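One letter stands for each residue in the lines below.
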Amino acid sequence: MNEQENRKRNRPTKLAHIVYRTRRFEQMLEWYKAVFGARVQYQNEALAFLTYDDEHHRFLLADMSVLQPNAKETQSNSEIGVDHVAYTYASLSDLFDGYSSLKEQGIHPYWCIHHGITISMYYADPDGNQMEFQVDCFGTSEESSAFFKDKWDANPVGVEFDAEDWLKQMRSGASELEFLIRKVHEPVSPIRGSLAEFL
């Protein structure tokens, strides 16, 4: 494979979703419903996942008044706005090819997590803008919606993984399917064990 083909393979296939931090949760929820015709896929007191098409979520709204109730309203510049933008890769192999290529250039993810609905690697650009590179764990929107409904509350943050270990296993012939389905009883991320730390 030449360099141009390799670069093309290591690119994401689509822009997946945007996560917003807000202190106007209900107003934001109604605005995105009105403007995008979005429907709620999952909602609790602090989070709302919305979509307007067959993607499992295009927007995630995080209510910072619930997640960080003691923060001052005047700190809004740092805690309100875009948290991160997510990009989807076609396959786990593509995600890990990208990881390997970026690692060779000295670019490393700061967090690798199996969310249950996606397997994700989080990066930050030189200005600190955060992005998520992900692979969907389910083949259909219906399966993703069922995961939100039936299993999301059991572990809403996810289970961390060691990217180097997974890369080694994959290169040794492990099937992608072995990695895609997360057992919900596995422990929540020890580093970012709460939703407030996740955002």
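Just above, that's the structure.
Residues numbered from 1 in each chain as written. Predicted model: local features only at pLDDT ≥ 70, side-chain atom pairs only at ≥ 80, totals over all residues. Heavy atoms only, no water.

With respect to the sheet that holds strand β1 (residues 14-22)
What counts here: A pair of strands counts as paired when DSSP detects no fewer than two bridges linking them. Only DSSP runs of H or I covering at least 4 residues are called helices, and only runs of E covering at least 2 are called strands; the numbering of each starts at the N terminus. Here, two residues are considered to be in contact whenever any of their heavy atoms come within 4.5 Å of each other. Between the N-to-C directions of two axes lies an angle of 0 to 180 degrees, each axis being a line fitted to C-alpha atoms and, for a helix, fitted only over the stretch in contact.
Pairing is mixed across the open sheet formed by nine strands, whose spatial order is β2-β3-β4-β1-β5-β8-β7-β6-β9. Each edge of the sheet is formed by a strand with only one pairing partner; in this case those strands are β2 (39-43) and β9 (159-160). Each of β1, β2, β3 (47-51) and β4 (59-63) is contacted by helix α2 (residues 25-36), which is oriented at about 165° to β4, the strand it contacts most.

A closer look at the pairing of strand β5 (residues 81-88)
In this sheet, β5 lies alongside β1 in antiparallel orientation, the contact comprising seven bridges. Counterpart to Ile18 in the pairing with β5 is Val85. Where β5 lies against strand β8 (residues 130-136), five bridges are found, and the strand directions are parallel. The residue of β8 that forms the bridge with Val85 is Met131.

Quick look at the nonpolar core
The following threshold applies: Note on terminology: a nonpolar core comprises buried Ala, Val, Leu, Ile, Met, Phe, Trp, Tyr and Cys residues joined through side-chain atoms within 4.5 Å. For each residue, the accessible area found with a 1.4 Å probe, counting protein chains only, is set against the maximum for its type, and the residue is called buried under 20%, exposed over 50%, and partly exposed in between.
The biggest cluster of nonpolar side chains holds 20 residues, and the ones touching the most others in it are Leu92, Leu95, Phe96, Ile119, Met121 and Phe161. Counting residues per element, this core draws most heavily on helix α5 (residues 92-104), at five residues. In this view, Ile119 contacts Leu92, Leu95, Ile113, His114, Phe133, Gln134, Val135, Cys137, Phe161, Trp166, Phe179 and Leu180; residues no more than four positions away in its chain are not counted. Core analysis: the second largest hydrophobic core is formed by 13 residues, Val19, Leu47, Ala62 and Ile117 among them.

Focus: the pattern of salt bridges
Put simply, the test is: When a carboxyl oxygen of Asp or Glu lies within 4 Å of a side-chain nitrogen of Lys or Arg, that pair is called a salt bridge.
Within this structure, the stated rule accounts for six salt bridges. The partner of Glu55 in a salt bridge is Lys14, and the shortest N-O contact between them spans 2.6 Å. Taken as a pair, Glu55 in the loop between β3 and β4 and Lys14 in strand β1 lie far apart in primary sequence, 41 residues in all. Given the relative accessible area of 31%, Lys14 is considered partly exposed. Among the ionic pairs, Glu79 bridges to Arg23, the shortest N-O distance being 2.4 Å. Here the residue Glu79 occupies a position in helix α4 (residues 76-79), and Arg23 occupies one in the loop between β1 and α2, the gap between them amounting to 56 residues. The exposure classification of Glu79 matches that of Arg23, with both residues buried.

Some remarks on α2
Note the following rule: Helix span, expected: 1.5 Å multiplied by one less than the number of residues in the helix. Our arc is simply the arc of the directions from the helix axis toward the C-beta atoms.
Here α2 contains twelve residues, and its C-alpha end-to-end distance of 16 Å stays within 8% of the 16 Å for a straight helix at 1.5 Å per residue. What α2 keeps buried is the set Phe25, Leu29 and Tyr32. Along α2, the residues classed as buried sweep out an arc of 70° about the axis, all on the same side. Those residues of α2 that are exposed and angled more than 90 degrees off the buried face are Gln27 and Ala34. The first or second residue beyond α2 is Gly37, which carries a positive phi of 65°.

Looking at the packing of aromatic side chains
Put simply, the rule reads: What counts as a ring pair is set by centres within 6.5 Å for rings of Phe, Tyr and Trp (its six-membered ring), and what kind of pair is set by the plane angle: stacked under 30 degrees, edge-to-face over 60, tilted for all other angles.
On inspection of all chains with the given rule, the structure shows 25 aromatic pairs. Seen from their ring centres, Phe36 and Tyr52 are 5.7 Å apart, and the 20° between their planes marks the pair as stacked. Separated by 16 residues along the polypeptide, Phe36 in helix α2 and Tyr52 in the loop between β3 and β4 bring together distant segments of the chain. Plain terms: the ring middles of Tyr42 and Phe148 are 6.0 Å apart, the flat faces sit at 20° to each other, and that makes the pair stacked. Here Phe148 lies in helix α6 (residues 141-151) and Tyr42 lies in strand β2, a separation of 106 residues in the sequence. Owing to a relative accessible area of 8%, Tyr42 belongs among the buried residues under this scheme. Since its relative accessible area comes to 1%, Phe148 is described here as buried. What links up through ring pairs into an aromatic cluster is the set Tyr20, Trp31, Tyr32, Phe36, Tyr52 and Phe59.

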